[in-house]
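Structure at a glance
Okay, here's what each chain looks like letter by letter:
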Amino acid sequence: MPNDGTFELLAGLHDDNQAAMSFLQKPVYNLDEMDRRESMISLVYSGCFCIKSSKHIDPQQPGMVYIDGKATEAPLIEKPTAMFGQLVGIIVRKYLLEYNKEYKVRYAGAYDTDGLEIPEFIFNLKTLPRIEPGVKYPEHDAIVLQAAREGAVLLKNDNTLPLSSGSYVNVFGAAAVVFRLGCLGAGKINPRYGIRVKEGIEKYSSLELNQELYEFYTEEKNVFPPEDVVARAKDRSGTAVVFITRGSSEAHDAPKDKGGYYLTDEERGLIQRVTTAFDKTVAILNVAHPIETKWIEEYGVNAVLLTGLSGMAGGRALAEILEGTVNPSGKLPNTWAYDYDDYPSAPNFLTKDQIANKSGEAPFQYAATVYEEGLYVGYRYFDTFQKPAAYLFGHGLSYTTFDTKLKSAVKTDVCSTQMDVEVRNIGTRAGKEVVMLYAHFDGGELEQPDKRLVAFAKTKELLPGEVQILSLEVSDKRLKSYCEAEAAWIIEPGKISFLLGGTPNRAKPVWSMDVADKIVVAQVKNRVAPPFLVKELSAKDFAGTYPQGEMTKAYTAEECEGLLPFKNSRTAVGNDDVPLEHTTDRLIRFPDLVKNPALVEQFVAQMTDYELARMSVGGHTGWGIEDNGYAGTLFNEKALDKYEIPDYFYADGNNGLNMFEVNIGFPVSTTVCASFNEELSYAEGKAIAREAKDMNLHCLLAPALNLQRNPLCGRHTEYFSEDPFLAGRMAGQESRGFEESGVSSCMKHFFANNAETMRNTNHSIMSERTARELYLAAFETAFEVNKPDTVMTGYNAANGVYCSNDEELLRGILGEEFGFTGYVMTDWNGYGDEGMAAPLAAGVSWLAPGNPDDTLVTPIEAALRSGDLPRARVQKNLVDLIKVVLKYQEA
Ligand code: BGC
């Protein structure tokens, strides 16, 4: 029977609460993509190509999939979703093995829930060609490889690694085959090639892969192989290498349960049997967020290497590190606890089961996440309260040993110091080392975590015996603390000690300075205070202040009427924008601006209310414009035709371009961050931007530098670190790389967008000090490296106001305090809850992605006309935006 129109090659990208746009899924498949775009709808579709069915399929009679005439397996039939209807997950990953080949997929034999047979559906699915390493942009490929090498962190090693040359590698676990190179969502890459485990070992090392075991795991099951297979493996080598992987996606926080943060029973069973059968076991963690770690000691695993999600050269870097031709030098940018509940944010992080509506209950409308742990995020908590963690921030082993000591410290100003640190390789292999400098405060009245990172640097590759002097600078910016009572950044009188590490708990005091009188670094205003006093964790009363999580939950509209108690009102910054006067009758077009940028204000001044509104709204809707994958386009050209504004395209680009055409693929941000190598992050930015330019892109929606507050956050992979200084430096360098190569950078998501569960209505609530010293500080630090052209607001509300609607946040903190002069855009459909004019009144220049029709434009035009939305404000917003668009135009 021919297809009767039941099935379509249509799926959509997922966004929690907003209408999602469907877009055509081209029937193409990148073999190195372990999780296709559809997994963003639900992670269960990992390895599937989804088709959409207009009929509800009976899960008991799901039919069968044939690929090139061979029966494969039944598809995944999940419950239909309100937004996407019935999706059928055709399992393809295991069956499509060749690049650049057209496979014929036939789906037949399914019945609908009325018991009627559904006609078969046939389509061709094409695998993408592979562009070999070094063929296109060889210099970029080299940086990608360096990032995978330096981003890997050796967590444990009892002399099991490196393996000796020529060793036989017994691989265990489905993840040896399903080795992920990237994440999903905005951080997704579409790499031109992907070197995974098999190719890495075979092509880039002298190691020999146990083919029989590898083949065994192509079934993607975490089971222990039959005895004879194991016996043959043991005959060749007493060492086993077991792989664990986790996918990760925007729009989904990782589940707290098994298969998410915890290992599955199968994974545990496998590790247990492997460690029993083999003399030595190495675990490879192909994950980008911390997972449970108790099993490492429980089963006596000898060595653990965290590869992260390591980009298109991931398998090569892995093989090189296993063999020891590359010495690992990555350090953890976050803390790995033993158990999820050890994290102080755990009581205040919403998980899916907490928002599952029981039938008959009113739907949840809002969520609140109270940051009761306050300043004690990550190592600040574990180190201060001496709580055991499996691997603390800054941890990472090497195959060599270094000796690090302070050579000199010179005070360059009242609170600025330059320290020279000598690093000597005292081991027997070449390697790179990272030094970290922490500050400890004594004598002040403000609560202070025991240590905070104030500087870091990485050596070049040092040969055995070689020495390098690294210069670390610490200024008052690093030492200031926020005092809410004084609404000021201050340094209190007392003693500041500096400690050199490694991990904070092992850092050694090397120098100190006394601050005689209080220093006011900056007098500001309290601008983002919470709607009620948040009782935060305090060293003064640990037991009495340890987070309880009582208010963190999802609320029905009724329970939370008018959003009280979460809603807040802020004093407005004050509208001092001066209306622009239109002083010429001549039409000023965009090409005129290119010749004479000074005309920009006149360009905006000539616009009607409709045009101003239209300019403020993106010209596209949804995610991924057909045919190419752009995330958005600036203007609706038709309505503004007469101004001859050029095309202007946006794409996600944290670690590669999330476009339909294959391109560069770096490791995910947190893996690159583990390199602690600022130059590398800068080089990454440059490489991505050059390819972006060649793909006609103008702005990259990256980097994403929210803090890693909780390991379950679905965007942990896209974010850099739990530490604002490290995150800010590394993100700032990537952003600088973009813009120095002629592409705008959009830093996102401003601010405290640290959870994906109910992300569009989640209220992050914390003290102003916590907001400023942690969540805003990451951006503030990044701005020291590069003030980006644009900033994207978070979907969430922070301290009672949606980030997109918060004038104090956008014009006050971002503009006045951080000195940002670019333009602000919203996140995709993240327009807050007060209508379309509200974000513009708060200082947003561009509602992203907007809409080609005038649905969003009309209310803005009406607000302009009535005067509710000051014209001057919208004009100013647009002047900021046009200046950026002009920046990279060639006259
Ligand atoms: C994400 C952003 C992204 C945008 C465009 C949103 O869902 O939150 O980070 O840049 O989509 O793809």
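Residues numbered from 1 in each chain as written. Predicted model: local features only at pLDDT ≥ 70, side-chain atom pairs only at ≥ 80, totals over all residues. Heavy atoms only, no water.

In the annotation of an unreviewed UniProt entry, the entry for the protein chain reads Glycoside hydrolase family 3 protein, and the organism field reads Paenibacillus illinoisensis. Quoted verbatim from the Sequence similarities (unreviewed entry) field of UniProt, the annotation for the protein chain is "Belongs to the glycosyl hydrolase 3 family." (UniProt positions renumbered as here; feature names shortened; annotations may be inferred.)

Attention now moves to the site of the ligand. Neighbouring the ligand are 14 residues, the closest being E250, W623, D652, R715 and D827. Here R715 contributes a side-chain N or O atom positioned 2.7 Å from an oxygen atom of the ligand. Taking R759, its side chain carries an N or O atom lying 3.4 Å from an oxygen atom of the ligand. Its free accessible area being 310 Å², the ligand has 99% of it covered by the protein chains. Residues of the shell around the ligand, tallied by class, amount to seven nonpolar, one polar and six charged. (Near = heavy atom within 4 Å. Polar contact = N/O pair within 3.5 Å; in protein donor to acceptor, adjacent residues only side chain to side chain. Areas by Shrake-Rupley, 256 points an atom, 1.4 Å probe, with all protein chains shown as cover. Nonpolar A, V, L, I, M, F, W, Y, C, P; charged D, E, K, R; others polar.)

Before going further, it helps to spend a moment on the packing of helix α1 (residues 138-151) against helix α7 (residues 314-323). Running from amino to carboxyl end, α1 crosses α7 at an angle of 50°, the nearest separation of the two axes being 9 Å. Compared by their axis directions, α1 and α7 come out oblique. Every pair of crossing elements has a handedness; the one defined by α1 and α7 is right-handed. For the pair α1 and α7, contact is made by L145, A148 and R149 and by G314, R316, A317, E320 and I321, respectively. Each residue belonging to the contact of α1 with α7 can be placed in one class, and the counts come to four nonpolar, one polar and three charged. (Axes fitted to C-alpha atoms, helices over the stretch in contact; angles between N-to-C directions. Helix = DSSP H or I, 4+ residues; strand = E, 2+ residues; numbered from the N terminus. Parallel < 35°, antiparallel > 145°, perpendicular 65-115°, else oblique. Left-handed = near helix turned anticlockwise from the far one by under 90°. Contact = heavy atoms within 4.5 Å.)

Burial runs high along strand β22 (residues 452-458): seven of the seven residues are buried. The pairing of strand β21 (residues 434-442) with β22 spans six bridges and is antiparallel. Across the sheet, residue L437 finds its bridge partner in β22, namely A455. (Buried < 20%, exposed > 50% of the residue type's maximum accessible area, 1.4 Å probe, protein only. Pairing = 2+ DSSP bridges.)

Bringing unusual backbone geometry into the picture now. What is expected of a backbone is that most residues other than glycine have negative phi and most peptide bonds are trans. Cis geometry is found at the peptide bond from K748 to H749, where omega equals -5°. Among the structural elements, H749 can be located in strand β33 (residues 744-750). Note the cis peptide between F750 and F751, where omega equals -5°. One non-glycine residue with positive phi stands out, namely A487, at about 50°. Looking at the secondary structure, you find A487 in the loop between β24 (481-483) and β25 (488-491). For A487, a relative accessible area of 12% translates into the label buried. Even without being a glycine, E644 presents a positive backbone phi close to 55°. Of note, E644 is situated in the loop between β30 (632-633) and β31 (649-651).

Here the focus is the UniProt feature "domain: Fibronectin type III-like" (unreviewed entry) in the protein chain. Per the UniProt record, "domain: Fibronectin type III-like" (unreviewed entry) is annotated on residues 433-504. A distance of 16 Å separates the end C-alpha atoms of residues 433-504, which is 6% helix and 54% strand.

Taking 1.5 Å of rise per residue, the 13 residues of helix α5 (residues 265-277) would be expected to cover 18 Å, and the 18 Å separating its terminal C-alpha atoms lies within 8% of that figure. If you check which residues of α5 are buried, you get E267, R268, L270, I271, V274, T275 and A277. In this fold, the buried residues of α5 make contact with β13 (168-172), α4 (227-236), β15 (239-245), β16 (280-286) and α6 (294-298). (Expected span 1.5 Å × (residues − 1).)

One open sheet holds the three strands; their spatial order is β19-β20-β23, and the pairing between them is antiparallel. Both outer strands of the open sheet, β19 (402-413) and β23 (467-474), are each paired with one neighbouring strand and no more. Within this sheet the neighbouring strands show an average axis-to-axis angle of 20°, counted without direction.

Taken as a whole and judged by the stated rule, the model has 36 aromatic pairs. Taken together, a centroid distance of 5.8 Å and an interplanar angle of 85° make the contact between F783 and F818 edge-to-face. On the criterion of sequence distance, the pair formed by F783 in helix α18 (residues 777-785) and F818 in the loop between α19 (807-817) and β38 (823-825) is long-range, its members being 35 residues apart. By relative accessible area, F783 is classed as buried at 4%. Look at F818 and you get buried, because its relative accessible area is 8%. What links up through ring pairs into an aromatic cluster is the set Y261, Y262, Y340, Y343, Y376, Y381, F382, F385, F542 and Y546. Sitting over the face of the ring of Y168, R236 holds its NZ or CZ atom 4.0 Å from the ring centroid. (Phe/Tyr/Trp six-rings, centres within 6.5 Å; stacked < 30°, edge-to-face > 60°. Lys NZ or Arg CZ within 6 Å of the ring centre and 35° of its normal.)

Here we come to the sheet that holds β24. Taken together, three strands build an open sheet; the order of strands is β24-β25-β28 and the sheet is antiparallel. Both edges of this open sheet fall to β24 and β28 (519-523), since each of them pairs with a single strand only. For this sheet, the mean inter-axis angle between neighbouring strands, taken without regard to orientation, is 35°. Pairing of β25 with β28, which is carried by four bridges, proceeds in the antiparallel orientation. Bridge pairing in β28 places I490 opposite V520.

Bringing the pattern of salt bridges into the picture now. Two side chains of opposite charge can pair, provided their charged atoms sit close to one another. Overall, the coordinates contain 71 salt bridges when judged by the stated rule. One salt bridge in this structure joins E98 and K101, with 3.9 Å as the shortest N-O distance. With a closest N to O distance of 2.6 Å, E199 and R130 form a salt bridge. Residue E199 is located in helix α2 (residues 197-204), and its partner R130 is located in the loop between β11 (121-127) and α1; the two are separated by 69 residues in the primary sequence. (Salt bridge = Lys/Arg side-chain N within 4 Å of Asp/Glu carboxyl O.)

The next subject is the environment of I195. With respect to the element layout, I195 can be found in the loop between β13 and α2. Once the C-alpha coordinates of I195 and M312 are considered, the two residues, 117 residues apart in sequence, prove to be 5.7 Å apart. Beyond its immediate chain neighbours, meaning those up to four positions away, I195 contacts R130, P133, L181, G200, Y204, M312, A313, G314, G315 and R316.

A few words now on the state of the cysteines. Applying the stated criterion across every chain, the model contains zero disulfides. Lacking any disulfide linkage, C183 is separated from the closest cysteine sulfur, that of C713, by 11 Å. Judged by its relative accessible area of 4%, C713 is buried. (Disulfide = S-S within 2.5 Å.)

An ideal rise of 1.5 Å per residue puts 24 Å on 17 residues; helix α16 (residues 724-740) measures up with 23 Å between its terminal C-alpha atoms. The buried count for α16 comes to 14 of 17 residues, which makes it a mostly enclosed element. The first or second residue beyond α16 is G742, which carries a positive phi of 90°.

Right, let's get into the pairing of strand β10 (residues 102-108). One ladder, built from four bridges, connects strand β6 (residues 64-67) with β10; its direction is antiparallel. Of the residues in β10, the one forming a bridge with M64 is A108. In the sheet, β10 pairs with β11 via six bridges, with the strands oriented antiparallel. Bridging from a neighbouring strand, Y107 pairs with F121 of β11.

Take the domain arrangement of the protein chain next. In terms of domains, the protein chain is made up of domain 1 (2-127), domain 2 (138-340), domain 3 (399-523) and domain 4 (619-887). With centres defined by C-alpha atoms, the gap from domain 1 to domain 4 works out at 33 Å. (Domains from an automatic or database assignment.)

The subject of this paragraph is the confidence of the model for the protein chain. Counting all residues, the mean pLDDT for the protein chain is 94, and 96% of those residues have values of 70 or more. The model gives residues 12-24 a pLDDT under 50, and that stretch makes 51 contacts with residues more than four places away or in other chains. (pLDDT = per-residue confidence, 0-100.)

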